[in-house]
Amino acid sequence: MSKSGKIFVISCSGIGKALGTVGRTAMYEVVEKLRPNEATTVCLPLITIGDETVLKLVRTNSCISVDGCPFQCARKNIEASKGKLVASFMVTDVLRENRGLKPEGVIELNPKGLKLASRLAEKIVRQIDETNKNR
Amino acid sequence: MAIAKDKVGIVSCSGEDLPEGTISRIATRMVLEKLRPDDTVTICLPLFLAGSEDERAFAKVFPTIAVDGCDKRCAEVGTKKYSGKPVATIVVSEIIKKYPRLKAKSRDKLSAEEKELALKVAKEIAAKVDEVLGRKKLRGVTG
Ligand code: SF4
Ligand code: SF4
């Protein structure tokens with residue numbers, strides 16, 4: 001199925017921290033379960049290496065970045081590639097709003113981390129619905 | 001810049017769009033956490049573009065193994081472009097061909113079968129770490 005026309009939810013997947021796994025898990029919750037017809041994803045590393053096909057997709061479709069930490073790699077990679085960024089989320093912000101949900105584990109998230117990912121997914125979904133309403 | 005000879009850097013592609021990218025990421029974590037925790041370090045691949053010169057020095061400081069999900073080889077290409085040429089590349093889709101019984105299907109949570117596949121990839125990475133450190137004959141690859 002073509003990805004064009006959908007909103008691209010692009011997560012950083014940071015491998016060094018559980019925060020990156022939370023962002024990645026939230027992204028899958030959105031593109032596979034909550035909004036599979038409205039949203040999709042691409043491999044962020046393809047943007048990092050400047051893959052022409054993916055650059056074209058992120059320049060012509062709305063993108064939402066989901067980052068683990070303030071380095072904001074997904075956001076900066078999309079911006080540096082002149083992608084159409086409509087919103088950015090950071091796991092650390094959602095964690096600040098949900099202090100009890102401390103994520104642990106990169107291979108497998110703990111239950112609190114999974115819950116935090118769901119809270120983030122809800123925010124991303126609201127943004128997708130908002131973006132689609134204004135199109 | 002001096003090369004750190006006692007640690008090997010591992011850069012995984014983490015490809016979000018393909019199950020092989022998830023295997024690449026989990027296998028890399030298995031090496032970092034379980035198989036070779038004292039011998040390996042990592043860095044988030046997209047940080048090469050988003051970060052500073054400090055992050056981009058990574059492959060100049062550590063002999064680095066790229067772990068890629070598919071033949072696009074984003075970790076290899078990205079590491080070479082921004083930091084330095086990796087000393088080796090492991091491509092998950094090629095390793096998978098050796099185990100036709102095991103299939104990689106999910107991008108999110110791995111099944112028992114996919115975890116088995118990730119462990120096989122992790123063992124290949126660990127063997128490569130030993131090779132890079134010149135310890136090939138001294139250690140097994142079982143961790
Ligand atoms: S934003 Fe960058 S540094 Fe932070 S967790 Fe994600 S990939 Fe890693
Ligand atoms: S190597 Fe393949 S799976 Fe990994 S990020 Fe690149 S396109 Fe995705």
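Within every chain, residues take consecutive numbers counted from 1 along the sequence as written. All chains are assigned letters beginning with A, and all ligands numbers beginning with 1, in the order in which they are written. Residues qualify for local features only when their pLDDT is at least 70, as the model is predicted, and side-chain atom pairs are given and counted only at 80 or more; totals for whole chains, interfaces and linings, by contrast, use all residues. Where side-chain values are given, they derive from all heavy atoms of the structure, hydrogens and water being excluded.

Draft legend 1. Region of the structure containing the packing of helix 1 (residues 18-34) of chain A against helix 6 (residues 111-133) of chain A. All names here are of chain A. Interhelical geometry of helix 1 versus helix 6 gives an angle of 55° and a closest axis separation of 8 Å. One way to sum up the angle between helix 1 and helix 6 is to call them oblique. The two elements helix 1 and helix 6 meet at a crossing, and its hand is right-handed. The residues of helix 6 that touch helix 1, namely those facing Val22, Gly23, Thr25, Ala26, Glu29, Val30 and Leu34, are Gly113, Leu114, Leu116, Ala117, Ser118, Leu120, Ala121, Ile124, Val125 and Ile128. When residues are sorted by character, Ala, Val, Leu, Ile, Met, Phe, Trp, Tyr, Cys and Pro go into the nonpolar class, Asp, Glu, Lys and Arg into the charged class, and all the rest, Gly among them, into the polar class. The class makeup of the residues in the contact of helix 1 with helix 6 is twelve nonpolar, four polar and one charged. Orientation is described by lines fitted to C-alpha atoms, with helices fitted over the stretch in contact, and by angles between N-to-C directions that extend from 0 to 180 degrees. Put simply, DSSP H or I for four residues or longer makes a helix, DSSP E for two residues or longer makes a strand, and each gets a number counted from the N terminus. When describing relative orientation, an angle under 35 degrees is termed roughly parallel and one over 145 degrees roughly antiparallel, while 65 to 115 degrees is termed roughly perpendicular and anything else oblique. Handedness of a crossing follows from how the near helix is turned relative to the far one, being left-handed for an anticlockwise turn of less than a right angle and right-handed for a clockwise one. We call two residues in contact whenever any of their non-hydrogen atoms come within 4.5 Å of each other.

Draft legend 2. Highlighting the sheet that holds strand 3 (residues 62-67) of chain A. Residue and element names in this part refer to chain A. Pairing between strands is defined by DSSP: at least two bridges between the two strands are required. Spatially, 2-1-3-4 is the arrangement adopted by the four strands of the open sheet, whose pairing is parallel. Edge positions in the sheet fall to strand 2 (39-40) and strand 4 (84-90), since each of these pairs with one other strand and no more. Relative to strand 2, strand 1 (residues 7-11) runs parallel, the two being bridged by two bridges. In the sheet register, isoleucine 7 faces strand 2, and the bridge partner there is alanine 39. Strands strand 1, strand 3 and strand 4 of the sheet are contacted by helix 4 (residues 73-80), whose axis makes an angle of about 150° with strand 3.

Draft legend 3. Looking closely at the nonpolar core. Put simply, buried Ala, Val, Leu, Ile, Met, Phe, Trp, Tyr and Cys residues joined by side-chain atoms within 4.5 Å make one nonpolar core. Classification of residues uses two cut-offs on accessible area relative to the type maximum, computed with a 1.4 Å probe and protein chains only: under 20% is buried, over 50% is exposed, and between them is partly exposed. Ranked by internal contacts, the top residues of the largest apolar core, which has 27 residues, are A:Val9, A:Val30, A:Ile64, A:Leu120, A:Ile124 and A:Ile128. Elements with a minimum of two residues in this core: strand 1, helix 1, strand 3, strand 4, helix 5 (91-97) and helix 6 of chain A. Residues in contact with A:Ile124, not counting those within four places in the same chain, are A:Val9, A:Ala26, A:Val30, A:Ile64, A:Val66 and A:Phe89. Within the second largest apolar cluster, 26 residues are counted, among which are B:Leu35, B:Val92, B:Ala104 and B:Ile125.

Draft legend 4. The arrangement of the interface of chain A and chain B in detail. Each partner contributes residues to the interface: chain A has 33 residues there, and chain B has 35 residues. A simple way to read buried area is as the amount of 1.4 Å-probe accessible surface that goes missing from two parts once joined, with both sides added. Roughly 3,000 Å² is buried in total at the junction of chain A and chain B, and carbon and sulfur atoms are behind 62% of that figure. Of all residues in chain A, A:Ile15, A:Ile49 and A:Ile107 bury the most surface against chain B, accounting for 25% of the area lost on that side. A carboxyl oxygen of Asp or Glu within 4 Å of a side-chain nitrogen of Lys or Arg is what we treat as a salt bridge. Summed over the shared surface of chain A and chain B, the result is five salt bridges. Between B:Lys72 and A:Asp51 there is a salt bridge whose closest N-O contact spans 2.9 Å. Any pair of N or O atoms that falls within 3.5 Å is considered a polar contact. Within protein, one atom must be able to donate a hydrogen and the other to accept it, and sequence-neighbouring residues count only if both atoms are side-chain atoms. Taken together, the links from chain A to chain B amount to 17 residue pairs in polar contact (both at pLDDT 80 or more). Looking at the side of chain A that touches chain B, the elements that each hand over two or more residues are helix 1, helix 2 (44-48) and helix 4 of chain A. Tallying contributions element by element places helix 1 of chain A first for the side of chain A that touches chain B, with nine residues. Among the residues forming the side of chain A that touches chain B, the class breakdown is 16 nonpolar, ten polar and seven charged.

Draft legend 5. Region of interest: the packing of aromatic side chains. Residue and element names in this part refer to chain B. Here is the rule: rings of Phe, Tyr and Trp (six-membered ring for Trp) pair when centre to centre is within 6.5 Å. Planes less than 30 degrees apart are stacked, more than 60 are edge-to-face, and the remainder are tilted. Evaluated as defined, the whole model comprises one aromatic pair over all chains. Taken together, a centroid distance of 5.2 Å and an interplanar angle of 55° make the contact between phenylalanine 58 and phenylalanine 62 tilted. The burial state of phenylalanine 58 is the same as that of phenylalanine 62; both residues are buried.

Draft legend 6. Molecular detail of the site of ligand 2. One heavy atom suffices: a residue is near a molecule or strand as soon as one of its heavy atoms comes within 4 Å of it. In the vicinity of ligand 2, the residues found are A:Cys43, A:Pro45, A:Leu46, B:Cys13, B:Gly15, B:Leu18, B:Asp68, B:Gly69, B:Cys70, B:Lys72, B:Arg73 and B:Cys74. Those chains with residues close to ligand 2 are chains A and B. Residue composition of the shell around ligand 2, grouped by class: seven nonpolar, two polar and three charged.

Draft legend 7. Spatial organisation of the pattern of salt bridges. All names here are of chain B. For the structure on display, the rule yields 21 salt bridges over all chains. Linking arginine 56 and glutamate 53 is a salt bridge whose minimum nitrogen-to-oxygen distance equals 3.4 Å. Of this pair, arginine 56 and glutamate 53 both sit in helix 3 (residues 53-56), three residues apart, which is roughly one turn of the helix. Overall, arginine 56 belongs to the buried group, its relative accessible area being 18%. When its relative accessible area of 57% is taken as the criterion, glutamate 53 is described as exposed. The salt bridge partner of glutamate 94 is arginine 73, with a shortest N-O separation of 3.7 Å. Here the residue glutamate 94 occupies a position in helix 6 (residues 92-96), and arginine 73 occupies one in the loop between strand 3 (64-68) and helix 5 (74-82), the gap between them amounting to 21 residues. In this structure glutamate 94 comes out as partly exposed when scored by relative accessible area, which is 39%.

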